[in-house]
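Summary of the model geometry
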Amino acid sequence: MLEQLLIFTRGGLILWTCKELGNALKGSPIDTLIRSCLLEERSGAASYNYDAPGAAYTLKWTFHNELGLVFVAVYQRILHLLYVDDLLAMLKREFSVIYDPKRTAYDDFDETFRQLRMEAEARAEELKKSKPVAKPVNNSKKQGQVQKVGFEGGNKKKGGSGPGSDGGDGNGRKMENGHANGNTDETKVALVANGKENASSNIGAFDVNKLQKLRAKGGKKTDTVVNKGSKVDPNKKITKKNRVWDVSPTESKLDFTDPADQNGDENAVIVAADEGESMMDKEEIVSSESETEEDEEMEKDSKMETKKKGWFSAMFQSIAGKANLEKADLEPALKALKDRLMTKNVAEEIAEKLCESVAASLEGKKLASFTRVSSTVQAAMEEALVRILTPRRSIDILRDVHAAKEQRKPYVVVFVGVNGVGKSTNLAKVAYWLLQHNVSVMMAACDTFRSGAVEQLRTHARRLQIPIFEKGYEKDPAIVAKEAIQEATRNGSDVVLVDTAGRMQDNEPLMRALSKLVNLNNPDLVLFVGEALVGNDAVDQLSKFNQKLADLSTSPKPQLIDGILLTKFDTIDDKVGAALSMVYISGAPVMFVGCGQSYTDLKKLNVKSIVKTLLK
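The chain appears in an unreviewed UniProt entry as SRP54-type proteins GTP-binding domain-containing protein from Vitis vinifera. You can read under Subcellular location (unreviewed entry) in the UniProt record for the chain the words "Endoplasmic reticulum membrane". The chain has a UniProt comment under Sequence similarities (unreviewed entry) that states "Belongs to the GTP-binding SRP family."

The next point concerns the packing of helix H12 (residues 373-389) against helix H19 (residues 577-586). Contact geometry of H12 with H19 gives a least axis separation of 9 Å together with a crossing angle of 65°. The orientation of H12 relative to H19 falls into the category roughly perpendicular. H12 and H19 meet at a crossing whose hand is left-handed. Residues Leu-385, Ile-388 and Leu-389 of H12 touch H19, and the partners they reach there are Ala-579, Leu-580, Val-583 and Tyr-584. Here the residues of the contact of H12 with H19 sort into seven nonpolar, no polar and no charged.

In spatial order, the strands read S2-S1-S5-S4-S3; together these five strands make up an open sheet with antiparallel pairing. Here the strands that pair on one side only, and so sit at the sheet edges, are strand S2 (14-17) and strand S3 (48-52). Neighbour to neighbour, the strand axes of the sheet diverge by 25° on average, direction disregarded. Across three bridges, the pairing between strand S1 (residues 2-9) and S2 is antiparallel. The residue bridging Phe-8 from the neighbouring strand is Ile-14, located in S2.

On the basis of which strands lie adjacent, the open sheet formed by eight strands has the order S8-S7-S9-S6-S10-S11-S12-S13 and mixed pairing. Both edges of this open sheet fall to strand S8 (468-469) and strand S13 (602-603), since each of them pairs with a single strand only.

In this section: the pattern of salt bridges. Following the criterion strictly, the structure yields 25 salt bridges and no others. Here Arg-117 ties to Glu-121 by a salt bridge, and the two come within 3.4 Å at their closest N and O atoms. Of this pair, Arg-117 and Glu-121 both sit in helix H3 (residues 109-130), four residues apart, roughly one helical turn. Judged by its relative accessible area of 14%, Arg-117 falls in the buried class. Here Asp-339 makes a salt bridge to Lys-335, at a shortest N to O gap of 3.5 Å. One end of the pair, Asp-339, and the other, Lys-335, are both in helix H10 (residues 327-343), four residues apart, so they sit about a helical turn from each other. The class of Asp-339 is partly exposed, set by a relative accessible area of 37%. Among the ionic contacts, a cluster of salt bridges with common partners joins Asp-86, Glu-119 and Arg-123.

Further remarks concern the UniProt feature "domain: SRP54-type proteins GTP-binding" (unreviewed entry) in the chain. Under the UniProt annotation, the feature "domain: SRP54-type proteins GTP-binding" (unreviewed entry) is placed at residues 589-602. Across residues 589-602, helical content stands at 0% and strand content at 43%; the span's end C-alpha atoms are separated by 16 Å.

For helix H1 (residues 29-38), every residue scored as buried is listed here: Pro-29, Ile-30, Thr-32, Leu-33, Cys-37 and Leu-38. Seen along its axis, H1 keeps its buried residues to an arc of 155°; they face one direction. Buried-residue contacts for H1 involve S1, S3, strand S4 (55-64) and strand S5 (69-76).

With that settled, consider the environment of Ser-553. Checked against the element boundaries, Ser-553 lands in the loop between helix H18 (537-551) and strand S11 (563-567). The spatial distance from the C-alpha of Ser-553 to the C-alpha of Ser-515 is 6.2 Å, given a sequence separation of 38 residues. Each residue touching Ser-553, except ones within four places of it in the same chain, is listed here: Ser-515, Asn-519 and Pro-558.

To continue, consider the side chain of Asp-562. Positionally, Asp-562 belongs in the loop between H18 and S11. A polar side-chain atom of Asp-562 sits 2.9 Å from the main-chain amide nitrogen of Val-526. The contacts of Asp-562, once residues within four sequence positions are left out, are Arg-393, Asp-524, Leu-525, Val-526, Ala-588, Pro-589 and Met-591.

Glancing now at the packing of helix H16 (residues 477-491) against helix H17 (residues 508-521). Packed helices, taken two at a time, are described by their axes: the angle between them and the distance between them. Look at H16 against H17: their axes get within 8 Å of each other, and the N-to-C directions meet at 30°. Classified by the angle between their axes, H16 and H17 sit roughly parallel to one another. The way H16 lies across H17 gives a crossing that is right-handed. On the side of H16, the interface is formed by Pro-477, Ala-478, Ile-479, Ala-481, Lys-482 and Ile-485, while H17 contributes Lys-516, Leu-517, Leu-520 and Asn-521. Each residue belonging to the contact of H16 with H17 can be placed in one class, and the counts come to seven nonpolar, one polar and two charged.

Cut-offs applied
- Residues numbered from 1 in each chain as written.
- Predicted model: local features only at pLDDT ≥ 70, side-chain atom pairs only at ≥ 80, totals over all residues.
- Heavy atoms only, no water.
- UniProt positions renumbered as here; feature names shortened; annotations may be inferred.
- Axes fitted to C-alpha atoms, helices over the stretch in contact; angles between N-to-C directions.
- Helix = DSSP H or I, 4+ residues; strand = E, 2+ residues; numbered from the N terminus.
- Parallel < 35°, antiparallel > 145°, perpendicular 65-115°, else oblique.
- Left-handed = near helix turned anticlockwise from the far one by under 90°.
- Contact = heavy atoms within 4.5 Å.
- Nonpolar A, V, L, I, M, F, W, Y, C, P; charged D, E, K, R; others polar.
- Pairing = 2+ DSSP bridges.
- Salt bridge = Lys/Arg side-chain N within 4 Å of Asp/Glu carboxyl O.
- Buried < 20%, exposed > 50% of the residue type's maximum accessible area, 1.4 Å probe, protein only.
- Arc of directions from axis to C-beta.
- Polar contact = N/O pair within 3.5 Å; in protein donor to acceptor, adjacent residues only side chain to side chain.

This is how it looks when you write it as structure tokens:
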């Protein structure tokens, strides 16, 4: 049975709840639905599952976009109620008739709901009874039919080869290798099942005979060319020419490494690297070129529409406006928008879900005068993208650092990610930015797996003149991080930046070690470092990192990824879709963007610029 059913506005005002279903819900499923699904542009999904201690709910919903209403039904997941969708559709139809924006209570709707519920339940029972029961089929007869179809298809393909061909006799008992085949029926069933796929795949296949002829022709041509050329004497011995090396010294010195003795100990005075102000503290100016290009594209679209529909009909519709937007009206614009997002490196799954959510928010709305469907869809998608990419919580790390400093404890940041994305380099960039704001930083070399990782971090620490805590290789990174935090507490360091080994999301032992490091040290911020070059793999990486951190955690509330650091952003031109994919799949904001090789090349994510680039 239903646990709860309620109707509320998009502004959050509850208009009606069913008093008969006055069951106290465990947890807060409605709030979670609004926060995690409706506000995150996941409203195109069919349902939402909510797990609470001692209960598991399924939530289904529908919108009345023109009136701005949301209808939500909650029931126990184990029940699988079939009439919920039908009931929500009837509620939407009946409630829209009596809805008045000035009213805030609808107590008289209880009787209408009772009748609608009985009608929906009766209809569901009729559907259950009307379902035909599958009758047992005679296996021998069925197999005979399948065999016949299979051989017909085979004969057509082979061009009428008879039963005495090399492939076997008419009953299919003998194979080319001479062994008896006991699984002929299963093989033929598979052939029949895949017949359509094989036929379609052979249409565009390359002919092997043509390829052999082309190779033969190519061989003849090359032979003639060799014969026409200079004749080679077989008796003449071929001698190799001696290579002459350029022994002249280079004009300028190219070795910019710091001087060191034979043991590797630096014996020169190192000056702290000062490369100027970090890009994190500079405001990025968005040019208006994208807006002009967007206007030109919209003008082209309008001209195409007028050509298709005719000048008079298009003008009349733009003036009068369309009654209500239907799914068929939105599909062409949404398909074009989905293709555009995918060309910008947005994961296909994310682009599809976003288009479904936009369609759900626009379906049933009235198209205003002098507006087109394509511009309406684009405006709705732009609002959705801005809402997704805008952080839902404060990402001011400096404020959090000062708050931790007042509690006399260091602020701990753990950098995690797959191999080769630039964790150590961007850790040094973050350290440089913090140093510019008079924050004392200490590095913790917890990448005890990769060769040269400790030396790389030691070089950055030496150039920035900040302390580094290291224990060498083949040590437990969780213990190294714990000792580093203790050392920072004794020395009075404000921030501890923990470098970890790169690991693939499917590597179980390394993911278990990472989960142990996070659970043991309870860092203030877990930063996922990901490449801006990645496409569909961004969804797999982030979802599996979060899943492993949750599954392998021993605490009831595991700590997941808190923020994202996008690297190599200067190499992608307009392929900025990875930022959207990562934020959408994890819900974590993009806190830093790496855009170069120097310490200053670290900046904030400009949401407006990203959205304009995605829709350009």
